[in-house]
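Residue-level listing of the chains:
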2 protein chains.
Amino acid sequence: MLEAPQRRRAVLHEARCQTCSLSSLCLPLALELEDIDQFDAIIRRRAPLKKGEHLFYQGDAFNSVYAVRSGSLKQVTSEGGGHDQLTNFYLPSELVGLDAIDEPHYPGSVIALETTTVCEIPFDRLDQLSEKLPELRGQIYRSMSKELRNDRRMMRLLSGKTADQRLATFLVTLSDRFRRRGYSPYSFRLSMPRADIGNYLGLAVETVSRIVSRFQSQDVVAISGREVNILDMAKLQRLAEEEPA
Amino acid sequence: MLEAPQRRRAVLHEARCQTCSLSSLCLPLALELEDIDQFDAIIRRRAPLKKGEHLFYQGDAFNSVYAVRSGSLKQVTSEGGGHDQLTNFYLPSELVGLDAIDEPHYPGSVIALETTTVCEIPFDRLDQLSEKLPELRGQIYRSMSKELRNDRRMMRLLSGKTADQRLATFLVTLSDRFRRRGYSPYSFRLSMPRADIGNYLGLAVETVSRIVSRFQSQDVVAISGREVNILDMAKLQRLAEEEPA
DNA sequence: CGCTAGATTGACGTGTTTCAAACCAAGTGG
DNA sequence: CCACTTGGTTTGAAACACGTCAATCTAGCG
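What you are looking at is a predicted structure, and each value in this text was computed from that prediction instead of being measured.

**Student:** Give a detailed account of the UniProt feature "domain: HTH crp-type" (unreviewed entry) in chain A, specifying residues and quantitative values.
**Tutor:** The feature "domain: HTH crp-type" (unreviewed entry), as given by UniProt, occupies residues 161-234 of chain A in the numbering adopted here. Annotated as 55% helix and 15% strand, the span residues 161-234 of chain A places its first and last C-alpha atoms 18 Å apart.

What follows is the structure in structure tokens.
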């Protein structure tokens, strides 16, 4: 590939995996330079999604997985009755749609929480390419496996933890994900409303709000609206793990 | 392969994928005959596990995934503190260990609930083979993807459902898994104690017991000890989905 | 035939939800 | 520029589902 040797920097930066700041976290992670080009060639860029727009709807035909480039999304599964369940938040470098691979349709809708850009990766082409590139194949396995472990952690949280532990865990986990991406782990912005947090954690909105207030009065965090400042990370981690009597 | 054209039937039945009654549900699902032989060649048979024995321990080095051949297993993840979490039950034809692929160690222990036999599949060899056999690769992707969706369903259950809905869902799901495997969906045996069910569903043992009793008094099921008889499947499914006032 | 792990049942306490209302920030239109 | 929405957040009081504690019962098994 590489047929257009010189373009404007900005375009390159936007358009190519090699220059993407996320390449060390994203699928190309383990690839050689020339392999990245092959991988790059199958990617489709998409117009940015605005807040509230759907990347796809539950039931849409599955064709592609998506890598988040900037912004954030939520995945919701609705089933018979109005009761939707929020099953995941996606941040930059994470892969969306892995849970649809063996189905003709996406099992849930994915919605932008803010202005969000993604790279579309047609799955059939990804699979073909993964035949030639063992590292890519490994990376796909790893991504899915990692998501499985995340889900198990989540199940543990929903099954065994108290509301306080859940929210503390949520904040610690988010903080960690930001840190890995090079952002401050102590100060960040929630892109989702309280209702989404509640739905995700299996708590009523009111409960989320109450616990936020409590954490503030204990000087663990300072949260105003969606701005989060973690004041005492150690204490927050303690809250997340065990809550003795 | 196929160098031993004639052996005793019983041995063949035990030892080869082609004659395994689960081949239509298991990994070889989509493979051609000759490909199955290749696949078969990398499998290691293991001595049966007795009830309570570990297939592997949390923290053991990850080398293989396992296909359940007969019996059943549970996966438990323990973390700092005594609080174990049961994250999955495995039935025949299901794949154990997929959540360890991108880690050096298994993230949880897997323990036999009864006498259980498994096929060991060294992962590096499986991965190599999947390079040559696109169908096999697809099958691995599908298995993982399916497990992801299962986990999401579980998250939804733990997050939003009442205790009654959880138990009803548990029974319906089990029933369905038995049906797919050619067993009666109405009459089966639970291989796990109540405590495990409770742990899995995020409920106290006592709650499980009480709801079992309640379901019985409503003539939805007849459960004595671990023998389950589903009397009114429609009602059970209704209970699993929504519980109106 | 008694022992012990597992299962059941009851009474009580409590964390979380639910219902209801007030509050707040950010738009929007007059 | 200020009422007036509108969507989201917070706070309070009451109801309830589930967990905990404790006792009893059952079944498998040496």
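Moving on from the model shown.
**Student:** Help me get a handle on the nonpolar core, residues and values and all.
**Tutor:** Core analysis: the largest hydrophobic core is formed by 76 residues, its most contacted members being A:Phe39, A:Leu73, A:Leu126, B:Phe39, B:Leu73 and B:Leu126. The contact partners of A:Phe39, leaving out residues within four places of it in the chain, are A:Cys17, A:Leu27, A:Pro28, A:Leu31, A:Ile121, A:Leu126, A:Leu129 and A:Leu136. Judged by nonpolar contacts, the second largest core, of 75 residues, contains A:Leu174, A:Val228, B:Leu91 and B:Leu174.

**Student:** Which residues make up the protein's contact with DNA strand C, and what values do they have?
**Tutor:** Taken together, 16 residues are adjacent to DNA strand C, and A:Ala163, A:Thr207, B:Ser209, B:Arg210 and B:Ser213 come closest. Backbone atoms, meaning sugar and phosphate, form 56% of the atoms of DNA strand C found within 4 Å of the protein. A:Ala204 has a polar backbone atom sitting 3.4 Å from a phosphate oxygen of DNA strand C. With respect to DNA strand C, the side chain of A:Arg210 contributes an N or O atom lying 2.9 Å from a base oxygen. Contributing elements (two or more residues each) for the surface near DNA strand C: helix 7 (205-217) of chain A together with helix 6 (194-201) and helix 7 (205-217) of chain B. The element contributing the most residues to the surface near DNA strand C is helix 7 of chain B, with 4 residues.

**Student:** I'd like a description of the protein's contact with DNA strand D, backed by residues and values.
**Tutor:** Around DNA strand D, the surrounding shell holds 16 residues, and the nearest of these are A:Arg194, A:Ser209, A:Ser213, B:Ala163 and B:Thr207. Counting only atoms of DNA strand D within 4 Å of the protein, the fraction found in sugar and phosphate groups is 60%. Within the contact set of DNA strand D, a phosphate oxygen lies 3.4 Å away from a backbone nitrogen or oxygen of B:Gly202. Between B:Glu206 and DNA strand D, the recorded distance is 3.1 Å, taken from a side-chain N or O atom to a base nitrogen. Elements supplying a minimum of two residues to the surface near DNA strand D: helix 6 (194-201) and helix 7 of chain A together with helix 7 of chain B.

**Student:** How would you explain the packing of aromatic side chains if you had to name every residue and give the values?
**Tutor:** Residues and elements named next belong to chain A. Under the definition given, this model contains 21 aromatic pairs over all chains. Centroid distance phenylalanine 56 to tyrosine 106: 3.6 Å. Interplanar angle 10°. Geometry classified as stacked. Pair noted here: phenylalanine 56 is in strand 2 (residues 54-56) and tyrosine 106 is in the loop between strand 6 (95-96) and strand 7 (109-112), with a separation of 50 residues, a long-range link. We classify phenylalanine 56 as buried; its relative accessible area is 4%.

**Student:** Run through the domain arrangement of chain A, naming residues and quoting values.
**Tutor:** Residues and elements named next belong to chain A. Here the domain parsing of chain A yields domain 1 (4-146) and domain 2 (161-241). Distance between the C-alpha centres of domain 1 and domain 2: 26 Å. Listed by partner, the interface residues are 16 residues for domain 1 and 11 residues for domain 2. Summing the contributions of domain 1 and of domain 2, the shared interface buries around 1200 Å²; its carbon and sulfur component is 53%. The interface formed by domain 1 and domain 2 includes 3 salt bridges. For the salt bridge of glutamate 94 with arginine 177, the shortest nitrogen-to-oxygen distance reads 3.0 Å. The element that contributes the greatest number of residues to the side of domain 1 that touches domain 2 is strand 5 (residues 84-90), accounting for 7 residues. By residue class, the composition of the side of domain 1 that touches domain 2 is 7 nonpolar, 5 polar and 4 charged.

Definitions and cut-offs
- Residues numbered from 1 in each chain as written.
- Chains lettered and ligands numbered in written order.
- Predicted model: local features only at pLDDT ≥ 70, side-chain atom pairs only at ≥ 80, totals over all residues.
- Heavy atoms only, no water.
- UniProt positions renumbered as here; feature names shortened; annotations may be inferred.
- Helix = DSSP H or I, 4+ residues; strand = E, 2+ residues; numbered from the N terminus.
- Core = buried A, V, L, I, M, F, W, Y, C linked by side-chain atoms within 4.5 Å.
- Buried < 20%, exposed > 50% of the residue type's maximum accessible area, 1.4 Å probe, protein only.
- Contact = heavy atoms within 4.5 Å.
- Near = heavy atom within 4 Å.
- Polar contact = N/O pair within 3.5 Å; in protein donor to acceptor, adjacent residues only side chain to side chain.
- Phe/Tyr/Trp six-rings, centres within 6.5 Å; stacked < 30°, edge-to-face > 60°.
- Domains from an automatic or database assignment.
- Buried area = accessible area lost by both parts, 1.4 Å probe.
- Salt bridge = Lys/Arg side-chain N within 4 Å of Asp/Glu carboxyl O.
- Nonpolar A, V, L, I, M, F, W, Y, C, P; charged D, E, K, R; others polar.

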